[in-house]
Amino acid sequence: MEEESTHEIQTPLCKSPQCCNYVVILLLVLNHSNLLSNFPAVSKQYGSNAATSSSQATKSLSEINEMEEHEENSPVEQVALTVSTADDPSLPVLTFRMWVLGTLSCVLLSFLNQFFWYRTEPLTITAISAQIAVVPLGQLMAAKITDRVFFKGTRWEFTLNPGPFNVKEHVLITIFANSGAGSVYAIHIVTVVKVFYKKHITFFVSLLVVFTTQVLGFGWAGIFRRYLVEPAAMWWPANLVQVSLFRALHEKENRSKGSVTRTQFFVIAFICSFAYYVFPGYLFEMLTSLSWICWIFPKSVLAQQLGSGLYGLGIGALGIDWSTISSYLGSPLASPWFATANVAAGFVFLMYVLIPICYWLNVYHAKTFPIFSDELFTSTGQEYNISAIIDSKFHLDIAAYEREGRLYLSTFFAVSYGVGFAALTATIVHVALFHGSEIWEQSKASFQEKGMDVHTKLMRKYKQVPEWWFVCILLITIAATIFACEYYNDQLQLPWWGVLLACAIAIVFTLPIGIITAITNQTPGLNIITEYIIGYIYPGYPVANMCFKVYGYISMTQAITFLQDFKLGHYMKIPPRTMFMAQIVGTVIACLVYLGTAWWLMETISDICDTTASNSVWTCPSDTVFYDASVIWGLIGPRRIFGDLGTYEAINWFFLAGAIAPVLVWLASKAFPDQEWIRLINMPVLIGATGMMPPATAVNYTTWIIVGFLSGFVVYRYRPDLWRRYNYVLSGALDAGLAFMGVLIYFCLGLEGISVDWWGNNLDGCPYASCPTAEGVVVEGCPVFT
């Protein structure tokens, strides 16, 4: 389920934790083709034509390369192949261009990501769009803006144009963009309280929660920075792909006859994406999910359950729409094929093996409910009236709950929680078995000075950020959080001890999970654990449960995000204090824009998050799942759902199943060491493949897998030259074109209520896909089985 996922800490180019096992493939291809020209020794080692590459380089670059050959390098091979060991401290960083483009990138990405977040097919605009798009803008500013020096000869001397647009400016702009590229998780709380529960929460309290949850992670990041950023052992694999792209974008590129440069290709693809989205976004919305089986069997419940891409198993369903493809799993162009194959295997097992077996064997009265749904039901298959079991103090009325009866989930929803349980334990066991010794050895090295590599030594010439800065931020943020929860307890419900307990969980898990992420690129999620803990300790308070989860889980993931950005700055030799300032400013801007956009949409769209509204694209799928979780874990509590007082107690066996699965793969790899494919079976990835479902639907997965296969296997294998030159550029262009056309359609047509009413704008065309098939169950608009 999306709210059980850990996509908030995912990086722009390698969004899935599973990339760790295969990211080396990407790095070697990029280095071998584009980057080894800057590493003559390595180029010779891999058989590259160093002479040809050198002839295209400048004299100064050749001199730097000669120096690099004789310098020490990182003990991690992938880092040594990718990250330059040269640094030019004289490059201007805090420039007028950086502030303008960085702020613009942060504001635009924050607005666009929150704007699309409430839509049926949400789109996350990654920082890669800004990373690529700002290059020509930066070069244009460098060429056109005056280079006049103001207040020359005084201490206030400055210029708007200090010279050519350089890579360090570019990195800081991308850090700004990263602040706007991820979601602000705390806004789920605001949306759920205002829209779903229809309770009171003020803008000021909302702003307090958003700021404190986002900034709290700085404290943990500062405390563990010395262990997770400086040591060579903590190498953060996903950052290497971004470093490769930075270097590729700043190398001089000569256009060969009959080809286009990356920048030209970006512009062409952007225009095509921009123009095309008018069809799935407005004129022909059925392109979002072409469920053709439903057209052949318009009256068959079974056929529509099987064929619906949005409300069924999605057999044969296709979405010719980039937002369908990239809404939940990110860009398939950024996923290595073997990672995509693991996701495909997990999806097929859940959707086409486990769910059909459970449904047609009527496990947990499955036929009483839709085959695919994230809604909450009564025992008779009707929508559960949540407001009937909430008392005047906004917590569970136990007597009313007993009158209304137990809450039921669709079997798919219940099994999805089970899969989340299994993925958690599978991740822990998999990392222990396959990476345990590596983590232990590299963790010991991280606490010793000998683990400091050439990059850390180069960074020593810059002023470091004092640790007391982070401690002050941490203490002030905790104090502000306690104040908010106590003074506004009627709105937030979480007591002061809940804040301290959430902080304790975050600080305990930040270092071990940070080590796992920095070495393996896998990040175990804490949200299920946090929900479980507060659900048992403090049941009946839904907002308290949401706040505890956000403070305990998201503050840790924010810390990981900040640390990963620090490591990117570390590799690119950005002054630490400048990096720190960019992160702080970017976070503040993102919080204001995210909340302002969300509040504006909630106040101006009358039927926002109403799934019953005809043809509404504002169905808030992610917030719906978050709301359901607040009911399950917070209002009613895990004991009455998954415990001894609940219906789904057996789902807890998934914890054990998830722990056993990696052991079987590990034993098989030991028994058959020559079979390399066995080690490519990544159980955390395979089991957790469908962690975005719901709100992600079958068509999101089927089309994502198809495009991932075409890009990561077909093009990568048979046309590697095209893949390495244009793959990531195409991903960013598709994101950007779709985003701008989506916003243009809304402002020009959506605000005026202008729509096209015809069968092509019926999103799925499968009205019976959500119908139950149990005998005697009556649901409006569905046939009754007898």
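Computed from a prediction, not measured in an experiment: that's the story for all the values here.

Moving on to the overall build of the protein. On a plain count of helices and strands, the protein comes out with 32 helices and 4 strands. Across the 786 residues of the protein, 60% fall into the buried class. At a minimum sequence separation of 6, the contacts of the protein that also span at least 24 residues come to 81%. When the accessible area of the protein is evaluated, it comes to approximately 30500 Å², of which 64% is carbon and sulfur surface.

Of all hydrophobic cores here, the largest spans 154 residues; its most connected members are Ile386, Leu407 and Phe642. Element by element, the count of residues in this core is highest for helix 25 (residues 542-571), at 17 residues. In contact with Ile386, not counting residues within four places along its chain, are Tyr197, Leu376, Leu407, Tyr627, Val631 and Leu635. Within the second largest apolar cluster, 45 residues are counted, among which are Leu354, Cys358, Val419 and Ile745.

Next up on the list: the side chain of His570. Looking at the secondary structure, you find His570 in helix 25. Sequence-distant contacts of His570, that is, excluding residues within four places in its chain, are made with Val229, Glu230, Asp453, His455, Thr456 and Met459.

Moving on: the environment of Asn762. Residue placement: Asn762 occurs in the segment after helix 32 (720-750). You can call Asn762 partly exposed: its relative accessible area is 37%.

Once that is clear, we can look at helix 28 (residues 653-671). Along its 19 residues, helix 28 runs 27 Å from first to last C-alpha, staying within 8% of the 27 Å computed at 1.5 Å per residue. Among all positions in helix 28, only Phe655, Gly658, Ala661, Pro662, Val665 and Ser669 are buried. Viewed along the axis of helix 28, the buried residues span an arc of 125°, placing them on a single side of the element. Away from its buried face by more than 90 degrees, helix 28 exposes Trp653, Leu664, Lys670 and Ala671.

The next thing to look at is the pattern of salt bridges. Per the stated rule, a full pass over the model turns up 6 salt bridges. With a shortest N-O distance of 2.8 Å, Asp87 and Lys168 are connected by a salt bridge. Taken together, the positions of Asp87 in the loop between helix 5 (77-82) and helix 6 (96-117) and Lys168 in helix 8 (residues 167-181) put the pair 81 residues apart, joining distant regions of the chain. Here Lys168 falls in the buried class, since its relative accessible area comes to 3%.

The next thing to look at is the confidence of the model for the protein. When pLDDT is averaged along the protein, the result is 80, and 86% of the positions lie at 70 or above. In this model, residues 2-70 is a region of pLDDT below 50 whose contacts with residues beyond four sequence positions or in other chains number 159 contacts.

With the rule as written, the count across this model stands at 3 disulfides. Two residues, Cys294 and Cys766, share a disulfide whose sulfurs are 1.9 Å apart. Handedness of the Cys294-Cys766 disulfide follows from its S-S torsion of about 100°: it is right-handed. With a gap of 472 residues between them, Cys294 in helix 14 (residues 292-296) and Cys766 in the segment after helix 32 connect regions that are remote in the sequence. The exposure classification of Cys294 matches that of Cys766, with both residues buried. Disulfide pairing is shown between Cys771 and Cys782; the S-S distance is 2.0 Å. Since a negative S-S torsion denotes a left-handed disulfide, the Cys771-Cys782 link at about -85° is left-handed. Of this pair, Cys771 sits in the segment after helix 32 while Cys782 sits in the segment after helix 32, and the two are 11 residues apart along the sequence.

Within the element layout of this structure, Val79 appears in helix 5. Spatially, the C-alpha atoms of Val79 and Ala232 are 9.0 Å apart, while their sequence positions differ by 153 residues.

Any pair of aromatic rings gets described here by the distance separating the centres and the angle formed by the planes. Counted by the stated rule, this structure contains 52 aromatic pairs. Look at Tyr197 and Phe394: their rings are 5.0 Å apart centre to centre, the planes differ by 70°, and that puts the pair in the edge-to-face class. Here Tyr197, found in the loop between helix 9 (187-196) and helix 10 (203-228), pairs with Phe394, found in the loop between strand 3 (376-377) and helix 18 (398-404); they are 197 residues apart in sequence, far enough to count as distant. Of the two residues examined, Tyr197 and Phe394, each falls in the buried class.

The subject of this paragraph is unusual backbone geometry. Of note in the backbone geometry, His365 takes a positive phi value of approximately 55° without being a glycine. According to the relative accessible area criterion, His365 is partly exposed, its value standing at 47%. In this structure, Lys573 takes a positive phi of about 60° despite not being glycine. Within the fold, Lys573 resides in the loop between helix 25 and helix 26 (576-604).

Okay, the environment of Gly742 next. As for its placement among the helices and strands, Gly742 is situated in helix 32. With 419 residues separating them along the chain, Gly742 and Ser323 place their C-alpha atoms 10.0 Å apart. The contact partners of Gly742, leaving out residues within four places of it in the chain, are Phe115, Phe116 and Tyr277.

So, on to the packing of helix 24 (residues 527-537) against helix 25. For the pair helix 24 and helix 25, interaxial distance at closest approach is 9 Å and the crossing angle is 135°. With respect to their mutual orientation, helix 24 and helix 25 come out oblique. Seen from above, helix 24 lies across helix 25 with right-handed handedness. Between helix 24, through Asn527, Thr530, Glu531, Ile533, Ile534 and Gly535, and helix 25, the contact on the second element is made entirely by Asn545, Phe548, Lys549, Gly552 and Tyr553. Of the residues contributing to the contact of helix 24 with helix 25, the split by class is 4 nonpolar, 5 polar and 2 charged.

The next point concerns a nonpolar patch on the surface. Taken together, Tyr276, Phe279, Leu283, Ile320, Val756, Trp758 and Trp759 make up a surface patch of nonpolar side chains, about 640 Å² in accessible area. According to the relative accessible area criterion, Trp759 is exposed, its value standing at 58%.

Another point: the packing of helix 6 against helix 32. Where helix 6 meets helix 32, the closest approach of the two axes is 11 Å, and the angle between their N-to-C directions is 65°. As judged from the angle between their axes, helix 6 and helix 32 are roughly perpendicular. In the packing of helix 6 onto helix 32, the handedness of the crossing is left-handed. On the side of helix 6, the interface is formed by Phe111, Leu112, Phe115 and Phe116, while helix 32 contributes Leu738, Ala739, Gly742, Val743, Tyr746 and Phe747. Looking at the contact of helix 6 with helix 32, its residues break down into 9 nonpolar, 1 polar and no charged.

The next thing to look at is the side chain of Thr213. Inspection of the secondary structure puts Thr213 in helix 10. Accessibility expressed as a relative area gives 1% for Thr213, which makes it buried. In this structure the side chain of Thr213 is engaged in a polar contact, spanning 3.0 Å, whose partner is the backbone oxygen of Val210. Not counting residues up to four positions away in its chain, the partners in contact with Thr213 are Ala186, Val550, Tyr551, Ser555 and Gln558.

Rules behind the numbers
- Residues numbered from 1 in each chain as written.
- Predicted model: local features only at pLDDT ≥ 70, side-chain atom pairs only at ≥ 80, totals over all residues.
- Heavy atoms only, no water.
- Helix = DSSP H or I, 4+ residues; strand = E, 2+ residues; numbered from the N terminus.
- Buried < 20%, exposed > 50% of the residue type's maximum accessible area, 1.4 Å probe, protein only.
- Contact = heavy atoms within 4.5 Å.
- Areas by Shrake-Rupley, 256 points an atom, 1.4 Å probe, with all protein chains shown as cover.
- Core = buried A, V, L, I, M, F, W, Y, C linked by side-chain atoms within 4.5 Å.
- Expected span 1.5 Å × (residues − 1).
- Arc of directions from axis to C-beta.
- Salt bridge = Lys/Arg side-chain N within 4 Å of Asp/Glu carboxyl O.
- pLDDT = per-residue confidence, 0-100.
- Disulfide = S-S within 2.5 Å.
- Phe/Tyr/Trp six-rings, centres within 6.5 Å; stacked < 30°, edge-to-face > 60°.
- Axes fitted to C-alpha atoms, helices over the stretch in contact; angles between N-to-C directions.
- Parallel < 35°, antiparallel > 145°, perpendicular 65-115°, else oblique.
- Left-handed = near helix turned anticlockwise from the far one by under 90°.
- Nonpolar A, V, L, I, M, F, W, Y, C, P; charged D, E, K, R; others polar.
- Patch = residues over 30% accessible without salt bridge, like charges linked within 9 Å, V, L, I, M, F, W, Y side chains within 5 Å.
- Polar contact = N/O pair within 3.5 Å; in protein donor to acceptor, adjacent residues only side chain to side chain.

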